[in-house]
Structure formats: structure tokens, C-alpha cells
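# Structural description and commentary
The primary structure of each chain is shown beneath.
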Amino acid sequence: MTLTERFRYLIHSPILVYRTVFQGRYDFVYDRMPMRIQRMPFPKRINLIKTGLNLVYRRPRVSNWPVHMQFELTNYCNLRCPVCPAGSHLITREKKAMDPALFTKVINETGPYLLTASLWAWGESLLHPHLDQILQATRKHQFVILLSTNGQNLDNPKVIDTLIQHPPTCLIVAIDGITDETNSQYRIGARLEPALTGVRRLAAMKRKLARTTPILQMRYIVMRHNEHEIGKLDGFAQENGFDMLSLRTLSIIDSEPTQETHTHFVPSQSSWQAYKYKQGQRVRNPSYICQQPFMFPTVFADGTLVACEQDYNAQLAMGRLSPDTSFANVWFSKNASRTRQIIRDTPHELSFCENCPYRDRESTGCSVAVRHFSEGINPMTI
């Protein structure tokens, strides 16, 4: 969160408090996607107020539960994207898919307080062998469910059936080119056919069943080799059954070997660049205020809880969740408080903070533009 975003939040806080407490409604924007939670139960309302207060004070010992969470369903992938810890083979953690029982345990504990759950981190989520159990567990609670995929097994009938039977709120399909040649320059090993076949089948089944979910979003990272296709994206997305399109900037990751690679992909037009540059160097933003450790943690596939997904090898873990260790025991622990204090007070000592992909942006969201093609999905309403 930048100082400007923080000031804007504080200015609007009275109306936010009124709507939250007395109307049970909360409107917010998640990566340029407007969202609305309605008829919230009382515990979620109270937790939102507690979270809002700590956005101001950032106390290491929190009293609130997370309002956003990220779940790494798998930490392995079927592609080799060069500016990604999984694709670059930088992850030293054991390759693993999250235990559905552990996921269900954590989601049942945190679900009453969440606004969003993002079901991805550093791996391909649709490769999870028990995706149906994962998605079924999320349906018990009232929050926006975001699922991201590279689409390479989206034409699998079992996967499609799971997404129809237990639909996430939004299915994000990462496509970075309208031809195989363009798309595979970054997403090495990718083919468009399985992704587009799966999206068209899902769109057809949604129409047949009169469903609104999953909302089908095409996510396009603008890079030097594909920025010439931007003018064709709306038509491409609509022709293939997508409900919306988001244009995204390419983020850095915490890895010196990938910095030169990242620079190679930076688009020529400054409006599509994630960061400002001066004499070839990224311009630092001193106004960034990190909120991740206080409201938006990530659970890795083995149950390790980290303050931010950018800590992809869990250098500074809050703890590990297990059948015998509850989320509350870790989130409210002294070790978690120490982790928050370190990130708050001495982020320059942590490489994943020093290379934070959010800090040096004008806005902390990664998307530059979002376009909607279907009525009734703006905002996403739960």
C-alpha cells in the first residue's frame, strides 16, 4: 500500500465502517477488480474493523484474522517461465501438493473472516490431484475464490467437471500471446489449444446451466515481444468465451540471476511497465507501506505459513500448520509477531523485501487495465 492509497483509505473509512457494521456490506478493489461482500456475518464485520485499525498502527501482535489469503495448491509446474521461481528452478522446497485435509482444516478456521482466497502461488493449481476436494471445501464459506491456471490441462474433462460442479468465483487463465509463437516466448512449453478449448467448453456449459461462475478471466502480461498484440486482445478474448480481460505488468522476483532476464522482457511503452526507470535502473518508491504480514499471508503446499508469497523458499516462516497445529496457534504466535516486526522495521535486511515486486509501483496492484465483456460481473458480488 502506498501513502496515497493509505490516505484514500483513511478518508473513506467512516463510510466503510458504516456499511460494514450496520449494512453488513463491504466494497473493495482487488488488483483493479471491484468486489462486494454482502450480508456478512457479525464476526467478519468485527474482524474487518480490527484489520482496518491495524492498517494504521501495524502492530506486530495482531488481534485480527487475515482478510485475504493465498494457498499454494502445488509448488510444481508444467511450464518453464523464466521470471518465476518454479520455472527457473529456484524453489528448494520439496515438490508437493497441499494435503486436502490440511486445506480444509485451515479454510474452516479462517473462512469466516476472509474476503478473498487466492488458490495459487508458485505452481500450477490445476495439477493438484484432488482439486475437487479443495474447491468443495471453499464452498462452505462466504468469500471470493480466485483460481489461476496456465490452462495446459484445462481441456481435461475431469478438470472441467470439477470447475462446473465446484466453481470458483473467478477462473484466471494466463495467456500471453494470441499465437503459440508469441505465447510460448515467455510461457515456455505452453500451447493455446488446451487453454482455449477448456475456456470455450466452460463458457458453453455456463450458458447451458444458466451459471454466472466461474467468471472466466483472460490475464495477459504485457511484455516487449507481445505488446504489439494489445489492440487485438478484446476481440480475441470475446471470441474465445472470456467474460473479462486483465492486462498485467511483469513483476520482478527475489533472484539476481533473473534480473537480466526480466529486463529483456520489459515492454518499450512506459505505460505497460511495472516500474519507472532512470538510466536503466529501477526507480525506488520510498512511500510504500507493507501490509502483507498483517492481513494477507500465504500457506505453502507443505503447510508453511509465510508473511508474503515472495518469500518463496520460506526464509522467514511464521510457522508450519499441521493436523496438530491450528492456524490460530501460528498466526497469533510470538514468532509471527517477530516476523511482522522484522518486515515492518528492517525490510532492507530481507532480500525478498528488498526485491519486493509491489514496492516500487505507483499503485500496488499488478494489473494496469481490466475490461469486462459480460454484464453482472462488475463488481464480483458474494
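Scroll up to find the structure.
Residues numbered from 1 in each chain as written. Predicted model: local features only at pLDDT ≥ 70, side-chain atom pairs only at ≥ 80, totals over all residues. Heavy atoms only, no water.

When its secondary structure is counted, the chain shows 13 helices and 15 strands. For a compact globule of 382 residues, the expected C-alpha radius of gyration is about 21 Å, and the chain comes in at 20 Å, within 12% of that figure. For the chain, the spread of C-alpha atoms along the principal axes amounts to about 55 × 50 × 45 Å. The buried share of the chain, reckoned over its 382 residues, is 58%. For the chain, contacts bridging at least 24 residues in sequence account for 73% of all contacts bridging at least 6. Entry remark: accessible area of the chain is about 16,600 Å², with carbon and sulfur atoms responsible for 51%. In the chain, 45 positive and 33 negative side-chain charges are present, and the distance between their average locations comes to 8 Å. (Helix = DSSP H or I, 4+ residues; strand = E, 2+ residues; numbered from the N terminus. Rg over C-alpha atoms; globule rule 2.2 N^0.38 Å. Buried < 20%, exposed > 50% of the residue type's maximum accessible area, 1.4 Å probe, protein only. Contact = heavy atoms within 4.5 Å. Areas by Shrake-Rupley, 256 points an atom, 1.4 Å probe, with all protein chains shown as cover. Lys, Arg positive; Asp, Glu negative; His and termini not counted. Charge placed at Lys NZ, Arg CZ, Asp CG, Glu CD.)

The subject of this paragraph is the pattern of salt bridges. Two side chains that carry opposite charge are able to pair once their charged atoms sit near each other. All told, the structure shown has 15 salt bridges when counted by the stated rule. A salt bridge links E72 to R93; the shortest N-O distance between them is 2.8 Å. In this pair, E72 is assigned in the loop between β3 (68-71) and α3 (100-110) and R93 in the loop between β3 and α3, connecting sequence segments 21 residues apart. For R93, a relative accessible area of 12% corresponds to the buried category. With a closest N to O distance of 2.8 Å, D302 and R320 form a salt bridge. Note that D302 is positioned in the loop between β11 (298-299) and β12 (304-306) and R320 in strand β13 (residues 317-320), a separation of 18 residues in sequence. Several salt bridges share partner residues, and in doing so they unite R19, R25, D27 and R36 into one network. (Salt bridge = Lys/Arg side-chain N within 4 Å of Asp/Glu carboxyl O.)

Among the nonpolar cores identified, the biggest contains 69 residues, and F71, F103, L119, L154, M218 and F242 are the most heavily contacted of them. Here the element with the most residues in this core is helix α7 (residues 192-209); it accounts for six residues. Contact partners of F71, with chain neighbours within four places excluded, come to M98, F103, V106, I107, A117, S118, L119, W120, A121 and V299. Residues Y26, F28, I37 and F296 belong to the second largest nonpolar core, which totals 24 residues. (Core = buried A, V, L, I, M, F, W, Y, C linked by side-chain atoms within 4.5 Å.)

A separate point is helix α2 (residues 42-57). Side chains of residues three or four places apart in an α-helix project in the same direction, reflecting 3.6 residues per turn. In this model, α2 (16 residues) spans 23 Å end to end at C-alpha, consistent with the 22 Å of a helix rising 1.5 Å per residue. Every buried residue of α2 is accounted for by K44, R45, N47, L48, T51, G52, N54 and L55. (Expected span 1.5 Å × (residues − 1).)

Enumeration according to the criterion identifies ten aromatic pairs in this entry. Ring centres 4.8 Å apart and planes at 10° place the aromatic pair W65 and Y113 in the stacked group. Here the residue W65 occupies a position in the loop between α2 and β3, and Y113 occupies one in the loop between α3 and β4 (116-118), the gap between them amounting to 48 residues. Y113 matches W65 in its accessibility class, with the two residues each being buried. Their ring planes at 80° and their centres at 5.4 Å tell us that W65 and F332 sit as a pair that is edge-to-face. Separated by 267 residues along the polypeptide, W65 in the loop between α2 and β3 and F332 in the loop between α11 (327-331) and α12 (334-345) bring together distant segments of the chain. (Phe/Tyr/Trp six-rings, centres within 6.5 Å; stacked < 30°, edge-to-face > 60°.)

Along helix α5 (residues 157-165), the residues that are buried comprise V159, I160, T162, L163 and I164. Against α4 (131-138), β5 (144-149), β6 (170-174) and α7 lie the buried residues of α5. N-capping of α5 is provided by N156, with a side-chain oxygen placed 2.8 Å from the backbone N of K158. (Polar contact = N/O pair within 3.5 Å; in protein donor to acceptor, adjacent residues only side chain to side chain.)

Take the packing of α5 against α7 next. Relative orientation of the contacting elements α5 and α7 amounts to 40°, with a least axis distance of 11 Å. Where α5 crosses over α7, the handedness of that crossing is right-handed. The residues of α7 that touch α5, namely those facing I160, L163 and I164, are G198, R201, L202, M205 and L209. Among the residues making up the contact of α5 with α7, the classes are represented as six nonpolar, one polar and one charged. (Axes fitted to C-alpha atoms, helices over the stretch in contact; angles between N-to-C directions. Left-handed = near helix turned anticlockwise from the far one by under 90°. Nonpolar A, V, L, I, M, F, W, Y, C, P; charged D, E, K, R; others polar.)

Time to look at the layout of surface pockets. Left-over empty space is what a probe sized like a water molecule reveals as it rolls over the atoms. Size it by volume and the second largest pocket reaches roughly 380 Å³. Around the second largest pocket, the lining is made up of 20 residues, and of these Q273, A274, R361, E362 and S363 lie nearest the centre. When its residues are assigned to classes, the lining of the second largest pocket shows six nonpolar, eight polar and six charged. (1 Å grid on protein atoms, 1.4 Å probe; cavity = no way out; pocket = protein on both sides within 12 Å on 5 of 7 lines; lining within 4 Å. Points joined across faces, edges and corners; volume = space filled by probe spheres on them.)

Strand order in the open sheet made by the three strands is β1-β2-β15, with mixed pairing throughout. Each edge of the open sheet carries a strand with a single partner, namely β1 (26-30) and β15 (380-381). In this sheet, β15 lies alongside strand β2 (residues 33-37) in parallel orientation, the contact comprising two bridges. Looking at β15, one finds that R36 is bridged to T381. (Pairing = 2+ DSSP bridges.)

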